[in-house]
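Chain residues, written in single-letter form:
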Amino acid sequence: MSDKEFEETKKNALAILEKDTSQLSDFWQDKYKKEAKRNWDIFYKRNTTNFYKDRHWTDKEFSELCHDDNIEKVTLLEIGCGVGNFIWPLLEKNPKMFTYACDFSQRAVEFVKSHEKYVTDRCKAFVCDITIDQLTDNIPENSIDLISAIFVFSALPPEKMESAVENLTRVLKPNGKVLIRDYGLYDAAQLRFKPGSKLQDNLYARQDGTLAYYFSTEYMNDLFCKSNRFKQLENKYVHKKTTNVKRNLDVDRIFVQAKFEFLG
């Protein structure tokens, strides 16, 4: 998508978003935020391992995830691991990688542990709410080379994101990296929310009660860099055209893709 096309997409999106001036009451905002863990558990009970496809594209977008003969070992933490759609393709491609995998859904972690490819000398999965539970309870301090966060921060209320980032700093090595792909402002999914779904600016509740936040690159940069503990290596919008076959429509998917280096 060219800059001109993006500006046109943004203009059309703003026209849609500005029509929705409604916002859920404090009661419903608190309820959705407090029940986020429960609602994800219900999501995985309903969908088991069938909802998301394995993510074979991640090493193409993030070169850091590729196998390197010159590196003896890579230790990665996948936050918000779900049922393992990210880690199984990656462990297969990168034999020198050890992966920690966590999610705040007990049911999702159980699916990971019961998978035929789960072996404890390659992977350790555990339940963790990264906004309140200390990662160091399961991971040694300053031991992680890479942290992947694929559509993870968008599931958190904005006021809890800073504590999640701070939690990551306790396990990252100096010069370790955080790799992010998440929902971007004006994404087609944001525009589909009906009135009565918005908790606050850019934060919505889906029909199943799970949360979805839509990022600007500016917000993402501020989240990691305002403490001066990270350096931005990449932070951009990724635009993709997808086709809704049932409705015969092309839709604009907009994501934020970012890399931040931990300065220690």
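Residues numbered from 1 in each chain as written. Predicted model: local features only at pLDDT ≥ 70, side-chain atom pairs only at ≥ 80, totals over all residues. Heavy atoms only, no water.

- The chain is annotated in an unreviewed UniProt entry as tRNA N(3)-methylcytidine methyltransferase of Smittium culicis.
- Quoted verbatim from the Sequence similarities (unreviewed entry) heading of the UniProt record, the comment on the chain is "Belongs to the methyltransferase superfamily. METL family." (UniProt positions renumbered as here; feature names shortened; annotations may be inferred.)

### Regarding the pattern of salt bridges
Point 1. Scanning all chains against the criterion turns up 13 salt bridges.
Point 2. Between Glu 61 and Arg 181 there is a salt bridge, with the nearest N and O atoms lying 3.6 Å from each other. Here Glu 61 is found in helix 4 (residues 58-61), whereas its partner Arg 181 is found in strand 5 (residues 172-183), with 120 residues between them in sequence.
Point 3. In this structure, the salt-bridge partner of Arg 253 is Asp 187, at a minimum N-O distance of 2.7 Å. Of the two residues, Arg 253 sits in strand 10 (residues 249-262) while Asp 187 sits in the loop between strand 5 and helix 8 (188-191), which places them 66 residues apart along the sequence.
Point 4. By relative accessible area, which is 0% here, Asp 187 ends up buried. (Salt bridge = Lys/Arg side-chain N within 4 Å of Asp/Glu carboxyl O. Helix = DSSP H or I, 4+ residues; strand = E, 2+ residues; numbered from the N terminus. Buried < 20%, exposed > 50% of the residue type's maximum accessible area, 1.4 Å probe, protein only.)

### Overview of the environment of Arg 181
Point 1. Take Arg 181: its relative accessible area is 3%, and that puts it in the buried class.
Point 2. With 144 residues separating them in the primary sequence, Arg 181 and Lys 37 have C-alpha atoms 21 Å apart.

### With respect to the pairing of strand 2 (residues 97-103)
Point 1. Burial analysis of strand 2 places seven of its seven residues in the buried class, the great majority of the element.
Point 2. Burial along strand 2 is two-sided: Met 97, Thr 99, Ala 101 and Asp 103 and Phe 98, Tyr 100 and Cys 102, pointing in opposite directions, are all buried.
Point 3. Taken together, the six bridges between strand 1 (residues 74-79) and strand 2 define a ladder with parallel strand orientation. Across the sheet, residue Leu 76 finds its bridge partner in strand 2, namely Thr 99.
Point 4. With helix 5 (residues 87-93) bridging strand 1 and the parallel strand 2, this β-α-β connection has right-handed handedness. (Pairing = 2+ DSSP bridges. Right-handed = clockwise from strand over helix to strand, strands pointing away.)

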